[in-house]
Every structure is written in C-alpha cells, then in structure tokens.
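# Breakdown of the fold
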Amino acid sequence: MLRFPRALPLVVAALAVLACEKKKPEGAAAPAPGGAGAVATGDRILLGHVGSLTGSEATFGDSTDKGIQLAIEEVNAKGGVKGKPLALKTYDNQGKPEESAIAATRLVLQDRVAVLLGEVASTRSLAMAPIADANHVPMITPSSTNPRVTKENGKVRPYVFRVCFIDPFQGTVMAKFAREHLKISRVAVLRDVGNDYSMGLADFFLAKFKELGGTIVDDQSYKAGDQDFKAQLTNIKGKNPEAIYVPGYYTDVALIARQSRELGMKQPLMGGDGWDSARLYEIGGKALEGSYFSNHYSPEDPAPRIQDFVKRYRERFGAVPDSLAAQGYDAARIAADAMGRAKDLSGEAIRDALAATRDYPGVTGVISIDADHDAVKPAVVLEIKGSAGHYVATVQPDQPQAAK
Amino acid sequence: MTEFLQHLVNGLSLGTIYALIALGYTMVYGVLKLINFAHGDVYMVGAFAGYYLGSVTGTDRAPGMVGAALVTLGAMAVCGALGYVIERFAYRPLRNRARLTALITAIGVSFLLEYGFQLSPIVRTPVEFPPGPSPRFFPALLELGEPLTFLGVTVPRIDLLGLVVALVLMIGLQLIVYRTRFGMAMRAASFDPQVAGLMGIPVNRIISWTFVLGSALAAAAGIINASSRPKIEPLFGLMSGLKAFVAAVLGGIGSVPGAMVGGLVLGLTEEYVAGYTSSQYRDAIAFTVLILVLLVRPEGLFGRATVEKV
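Naming follows an unreviewed UniProt entry, where chain B appears as Amino acid/amide ABC transporter membrane protein 1, HAAT family of Anaeromyxobacter dehalogenans. Listed in UniProt under the heading Subcellular location (unreviewed entry), the comment for chain B reads: "Cell membrane". Per UniProt, the comment on chain B under Sequence similarities (unreviewed entry) is "Belongs to the binding-protein-dependent transport system permease family. LivHM subfamily."

The name given to chain A in an unreviewed UniProt entry is Amino acid/amide ABC transporter substrate-binding protein, HAAT family, and the organism recorded there is Anaeromyxobacter dehalogenans.

Shown next as structure tokens:
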C-alpha cells in the first residue's frame, strides 16, 4: 500500500514524458510560416464542428451536423481536397455559449482543425468568433444571422465568415412582406429577450415596418424555455393587431401559437428561420396554419440542384433536410471549395480563398461572400399549410443589404 | 376588465401546477427537513411517463376519459416508484450525515435525471427511451372541444379540469395527513423521528411513503401541465421545480394548505407582473417574492414559527 504513492509521481512523470514524445511529431509537422494556428494533421484535413447536439435546440445542431457529414462524404467520394480526404470532429455545446467557447478552443488548439464550422445560434457563434480570430483559424457559421458575428464595432472579424444572410435582411424581408404582400398595417412583436438573434430580427423588423408606414401596436418579450406565454398574449390580444411577429426558436414558437389560439386569437404569426424544424408542426399542430416565416431555402424548390440534395440527404438520413441541414452542407462545401483554391492549407490562405468566394452554387442559393464576410443571397418566405412550410415568395438581397 | 379577468384565469392555471409540485417539497421537508431538489425533475419524469404510457397504450390515438385517467394513474405509479428508489438509494444512506450532504445528493439526483433523459435513445421500440434532448409533443389524452368563453374571457376546458383534479388531489392529501394512521405517523415522524421510532412507528417506511406520495403528486402535476402546454423536454422541470419550491416557502414550508395557497399566489403574481409591467421580470419576481418572504415572515404565510431543536 505504502509503496504506491511513492511510485506514483514516477509513473506520472514517465507518462508525461511519453505523452510529450508522442506529441512532438505532430507539432513538428506543422508548416509553421504564415498560418500560425491550423494545420492539416497527417494525411487528412480535419474540420471541426461545434453544435448543439443536446439542449433545447438540439435539432439545430443535429441537422447541421448531418448536412456537414453529407458534404464531407461527397467531397471525399470525389477525391477530397488537394488529394487528401476530409475528416470531421464534432463537439457538443449543449446549446450554451460558454461550452461553445470551450469546444472551439479544443478544436483549434488540441485537434488543430483547418476550419471551424458552427454555430447555428448567433449568441454561441459570438462566443467562438474571438477564438477563431486569435488563433488564425477560419470559421464559417452556417446559420448565425446576427451582424455582430462577422463585424464587431464596425470592424470585420478577419477569420469569421457566414454562408447565410443577416438579421437586417431577414427582419426587413418580413416587414416588407407583411406590408406589401399581406397589406397589413398593425403588428405586435413578441421577442425572446435572452437571444441576440431574436432581438436583432425584432429590431430590424420594427424599423422597416414603421418606415413602410405600419404601426407596431405592442412589443412584448419572453424568455426561451418559458412554458406560459398567456400573460403577454392576453396583452397583445387587447391591442388587436393584424399579425404577431415572433422571431424566436421553434420550441417556444409552437407553444406561443397554441396559446394564442386558446385565447381565441386568430391572427397569423410571422417569424424567421428559427422556426424551421419538424418539431414546430408537431407541437404547434393546427395553431400555426396560415402563419409565415422567412427562411434560407425550401425543399419544395424545383431547382435540380436542390432536389438532388434533398434526395441524397433523404437516402442518407431518412428525412427531408431542413434549412439548417442545407446550410451545414453549404458551409462545409464552401470550406472544401476554398481549401481547394487556397495556395496551401494555412489559416491565412484558406481565409483569403474564402473571402474570394463568388457565385458558389449552394443549395441555399448562389452564394457570394461580400466585403463584410457575409453571404449575399436571397431569402424565401414560406406559408404554413397542412403542417408544412410552403413556398410563397423569394426576396432578393440587393437593396436590404445596402441598407446595413 | 376583460384583460384583468383573463390574467386571473391564466394565473390560476399556472398556479395550480406550482401548487401541486410544491406539495411534494413541503411534505418531504415537513418529514425530513430535506429540500428535495430532484423533485422538479420527478415532475418532468411524470410528464414523460404520461407521454410513454399514452403512446404505448394508444390513448393518444383514441382520446377518452378512461384512458386519460389510466395514463395519469400509471404515471403517478411510475413516479411513486421513482420517488421510493431515490429515497432508498440516494437519501436514506446519508440521512444521518450533515444536512448539506443530503442537499448535494439531491442536486446530483436532479442532474442525473435531467441529463440521463437527454441521452440518445437506447431502447427504440415501441417508443424511444431515453427521449433525448429535443422537445416532444405531449399527446392529447382528452378531447374537450373549444374553450369556454364568457365576458370575453377564454377558459380552456383543460385548465378547468386541471384545477378540479388538483383540488381533489390536495383535499385527498389533506385527508391522508390529518385523518389516517399513516398521516398521524407522518406527523409524528416529522415532529421527532427518534421518539417516533421508539414509539413503534416504522420511521423508514413512513419516510419512503412520503416520497412515494409526493412524487405521485408531481407526476399528476406533470400531466396536467403537459396537457395544456404540450411541449415536454428533459429540462423543463428545472424552472417549475424552483418556482414550486418558492411557492412552498411562501406558503410556509411543511404546511400542506400553505403549499396550495403559495402556488396559486405565485402563479397569479407572476401573471399580473408579466401582464401589467414587463414580462422580463416574470422569473425575477418569483425569487424576489422568496427573498421578501424570508425577510418579513421567514416561516411563510401558513407556517408556524418554531424554535430550532438543539
């Protein structure tokens, strides 16, 4: 018994030495000049994904990860990038910003990934962005739409990109749609106060809607995970709006829709891409009929590129890809495309190639990266009928993007 | 006025749930002086038990009174058993240790349930278990038709039924505590477990049954709540559990009528605060109420000031 403790430090020391020895070759293989951070270890190129695989928005992380997997499998089937196969390492962040930061740090420093993919939620991407910048590892967020993710205090983050449109665009799309297409003039807003995404969408919706001559009759708030929204809805009911803008996530929106119908409210709800999940219809049931939301793509789009993707995804995972899956797919494909064009696999070279992406034919639209590292591409508006979102309109990016 | 009444209805429906969960806290605290922090998660398990029983027995496809009652009773039985297991294996071995030990175990049990239920499914047929993290839709066990409306106030029938069921359960509990031998034994064990033991009361068994009873009530609360707000996920017991705890303290922890009143008061306060000021203060209010009660009347509305036994 007594001998053990004495032997222990020795064993630990020996292990530590061994561990160091083992690590060295990897470290030595790093083609250090230029890219201070990321390298492709050995004969494969590692991509890192941080996503919410557990937690209340788990379908977001799950769908995104499946989209990324599909993209990587396809790239590998065609011979990979620069003759090397891609590999994926995914860490779960439980839907928490602090966990996202930890996961991103691990991917960058320990696993030494070439590109970081993630997160879906803006709050969590904001936690990861400084890590990507500090370590010179390019990061592509598939679906974070808050402007601050790529641009902080008017300065573009050098290593952070996105393949989706941004909140000002999405908020204004819905405001324009409500005013011009639905001819609505009185709207109430119900937003999630703990969420940068929801706050951003609500603010931009509000501004544009007023600018177009509409009235915001009420601006209420809730917190993600609440079970009961009747207090807010009762207030909104008293103000008698023609529609309610709820730019939240599907888990809460479904309950909000149900409870509004229980209170005898007949107004359509309107929202953004955070609505996009099969669970929305499952929980919301009939309450969501006739509601509208803006989204990145519609699986109903007849374009062959999209139908091919839907078919392959369904064969692989047995489900219709939601927009999160489509964007995960696009993010990984654009990463692969940029790495293929980059002169080497250093973080700097990949970043330059990403920034130079023009007219990439993604499944969520033809994507060009602009000077702010944001994707320029159209949005679609879907109407919910028979427990599914059906395509109503496409809104092109030109003027709203100029507005920012 | 309509709005005021609507808030009243909403608040009562919310308060009922808090009250039912608070009963579990209050009973366990009354007997053991232990705050069972896993109680909110037992409530979550109750809702999931209802979900599984409903899916397996097919009640979700053919809603009806009998099916709904059976599912509710089944879920109460499942949670009762869970309560027994938790007490037997997590709390009893530590009962004579420092009070803090039991509290930490309670938090451990709470996390075990929360994150255990978030694991990816191991069993896939007939229904996936554990359910995993993404929210589930709680099946409609009853078809009650359109909500009632009078004076412009909408009252969902399910909320009305929930209130009735909750009141029946609370009265039943009150009868058990004050009119049965078991209740007498419970009160005796609560007063002084050692002396109660010397008097021939099987204290361990009484405590086990207290947990069983409290957990069964939590399951009923879970089902009532999930029937009117049909989104269930492994973490939803957390906030409701905390608020029910506040309700129990507000009413006077250890007092059964106190828990009922505390729950209703908290539900109404929350609703009116959210309705008339900003809904952002909703959760903050629950805890402000807790602090105020502790400052002004630490024994709660219905509690008796007791001198700590030395």
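## A look at the UniProt feature "transmembrane region" (unreviewed entry) in chain B
Following the UniProt record, the feature "transmembrane region" (unreviewed entry) maps to residues 12-35, 65-86, 98-117, 160-178, 206-224 and 245-268 of chain B here. Its end C-alpha atoms 30 Å apart, residues 98-117 of chain B is made of 90% helix and 0% strand.

## Quick look at the domain arrangement of chain A
Residues and elements named next belong to chain A. Under the domain assignment used here, chain A contains domain 1 (45-165 + 301-373) and domain 2 (168-295 + 384-395). Put simply, the middle of domain 1 and the middle of domain 2, counted by C-alpha atoms, are 28 Å apart. Summing both sides of the interface, domain 1 and domain 2 together bury roughly 1,400 Å²; the carbon and sulfur share of this comes to 55%. The three residues of domain 1 that bury the most area against domain 2 are Phe60, Thr145 and Phe165, which together make up 35% of that side's buried surface. Elements with a contribution of two residues or more to the side of domain 1 that touches domain 2: α2 (58-77), α4 (122-134) and α11 (323-341). Across the side of domain 1 that touches domain 2, the residue classes tally to seven nonpolar, eight polar and three charged.

## Here we look at the interface of chain B and chain A
As a measure of interface size, the accessible area lost when the parts come together is often cited. Opposite the 33 residues of chain B that make contact, chain A presents 34 residues. With both sides pooled, the region where chain B packs onto chain A buries about 2,700 Å², and carbon together with sulfur makes up 49% of that total. One can count three salt bridges joining chain B with chain A. A:Asp228 is the salt-bridge partner of B:Arg229, the closest N and O atoms lying 2.7 Å from each other. Here chain B and chain A share ten residue pairs in polar contact (both at pLDDT 80 or more) between them. At the level of secondary structure, the elements contributing two or more residues to the side of chain B that touches chain A comprise α1 (2-32), β1 (136-137), α8 (203-228), α10 (256-276) and α11 (282-296) of chain B. Of the residues forming the side of chain B that touches chain A, the biggest block, five residues, is contributed by α1(B). By residue class, the composition of the side of chain B that touches chain A is eleven nonpolar, 13 polar and nine charged.

## What to know about α11(B)
All names here are of chain B. Look at α11: 21 Å from first C-alpha to last across 15 residues, which is about the 21 Å you get at 1.5 Å a residue. Of the positions making up α11, those classed as buried are Arg282, Asp283, Ala286, Val289, Leu290 and Val293. Down the axis of α11, the buried side of the element spans an arc of 130°, and every buried residue falls inside it. Away from the buried face of α11 by more than 90 degrees, exposed residues Ile291, Leu295 and Val296 are located.

So, how was this worked out
Residues numbered from 1 in each chain as written. Chains lettered and ligands numbered in written order. Predicted model: local features only at pLDDT ≥ 70, side-chain atom pairs only at ≥ 80, totals over all residues. Heavy atoms only, no water. UniProt positions renumbered as here; feature names shortened; annotations may be inferred. Helix = DSSP H or I, 4+ residues; strand = E, 2+ residues; numbered from the N terminus. Domains from an automatic or database assignment. Buried area = accessible area lost by both parts, 1.4 Å probe. Nonpolar A, V, L, I, M, F, W, Y, C, P; charged D, E, K, R; others polar. Contact = heavy atoms within 4.5 Å. Salt bridge = Lys/Arg side-chain N within 4 Å of Asp/Glu carboxyl O. Polar contact = N/O pair within 3.5 Å; in protein donor to acceptor, adjacent residues only side chain to side chain. Expected span 1.5 Å × (residues − 1). Buried < 20%, exposed > 50% of the residue type's maximum accessible area, 1.4 Å probe, protein only. Arc of directions from axis to C-beta.

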